[in-house]
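# Per-entry structural report
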Amino acid sequence: MTEIIDNKVFQSETRTLADQVCEQIVTAIVVGDIPPGQKISEPELARTYGISRGPLREAMRRLEALRLVERKPHVGARVVKLSAKELVEIYRVREALEGMACRLAAEFMPQEEIDSLRELLHEHEQNIAQLDGRSYFQKEGDLDFHYRIVRGCRNSKLLEFLGGDLYHLVRMYRYQFSVSSSRPKRALKEHHQIVDAIESRDPELAEMLMRRHIGAARKNIEGKLDRATETRGE
């Protein structure tokens, strides 16, 4: 089981009850079952997940460390909600850093990892088909295409930046803004093209494709934010 706790991705064979509940709540936040900005009721979560308050408080502390939940005095805990400006800024940083990671992956990722990445995309393709192309959900760590690219670049600092503080927050927005009639299938096609470039050992092409891929996701987000603003009449 891959977990991301204390800003690091690591493997763990044994999981506590708090680990399990933290994972379940992370997934609920990422897929929008608990939406950005929603106030969190610990008694309600305890009932929902059948857990006592002690392990739940530990899970909540981990969610705060993952920057998915923020706690404010006299307000309580809420799911983090980024402003449109913050979200676009994060995607611009991702364009640059993940593009660099993809360039390095084309140089240093071993062939067995590339083969494994293709197998992962085959699994993703089946998952998208099961959902009729409506969404593209990727679990964390080794089941996440973007994380696998960053790990494969063999640069510990890039892994620290991209697999650290904002990892799950990016996952949340990456998933929720991919839910559309066409973006999931296009994203999968772009993933295949990126792997082709990595396997061809073409660093320039790999970087360009990754930057273009994340740039397309950013433009998709900007378009949805603009439409939401128009709907509200702002």
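In case you missed it, the structure is sitting above this.
Okay, so let's go over this structure. (Residues numbered from 1 in each chain as written. Predicted model: local features only at pLDDT ≥ 70, side-chain atom pairs only at ≥ 80, totals over all residues. Heavy atoms only, no water.)

## Description of the pairing of strand 4 (residues 76-79)
- In the sheet, strand 3 (residues 69-72) pairs with strand 4 via four bridges, with the strands oriented antiparallel. Note on strand 4: the bridge partner recorded for valine 69 is valine 79.
- Connecting strand 3 to the antiparallel partner strand 4 that follows it, the hairpin turn spans three residues, and histidine 74 within it adopts a positive phi of roughly 65 degrees. (Pairing = 2+ DSSP bridges. Helix = DSSP H or I, 4+ residues; strand = E, 2+ residues; numbered from the N terminus.)

## Considerations on the environment of alanine 101
- By the secondary structure assignment, alanine 101 is in helix 4 (residues 84-108).
- Judged by its relative accessible area of 0%, alanine 101 falls in the buried class.
- A C-alpha to C-alpha distance of 7.8 Å links alanine 101 and asparagine 155, two positions 54 residues apart in sequence. (Buried < 20%, exposed > 50% of the residue type's maximum accessible area, 1.4 Å probe, protein only.)

## Quick notes on the packing of helix 4 against helix 8 (residues 167-176)
- Between helix 4 and helix 8, the least distance of the axes is 12 Å, while the angle of their chain directions is 105 degrees. Here helix 4 is positioned roughly perpendicular relative to helix 8, judged by the angle of their axes. Residues Leu87, Ile90, Tyr91 and Arg94 of helix 4 form the contact with helix 8, whose own contacting residues are Val170, Tyr173 and Arg174.
- In terms of residue class, the contact of helix 4 with helix 8 is made up of five nonpolar, no polar and two charged. (Axes fitted to C-alpha atoms, helices over the stretch in contact; angles between N-to-C directions. Parallel < 35°, antiparallel > 145°, perpendicular 65-115°, else oblique. Contact = heavy atoms within 4.5 Å. Nonpolar A, V, L, I, M, F, W, Y, C, P; charged D, E, K, R; others polar.)

## Section: the nonpolar core
- Residues Ile149 and Ile198 are the most contacted members of the largest nonpolar core, which totals 56 residues.
- The contact partners of isoleucine 149, leaving out residues within four places of it in the chain, are Ala101, Cys102, Ala105, Met109, Leu117, Ile194, Ile198 and Met210.
- Among the nonpolar cores identified, the runner-up in size contains six residues, and Leu104, Val150, Cys153 and Leu158 belong to it. (Core = buried A, V, L, I, M, F, W, Y, C linked by side-chain atoms within 4.5 Å.)

## As for unusual backbone geometry
- Notably, arginine 67 is not glycine yet its phi reads approximately 65 degrees, a positive angle.
- Within the secondary structure, arginine 67 is located in the loop between helix 3 (53-65) and strand 3.
- Looking at arginine 67, the relative accessible area reads 40%, which means it is partly exposed.

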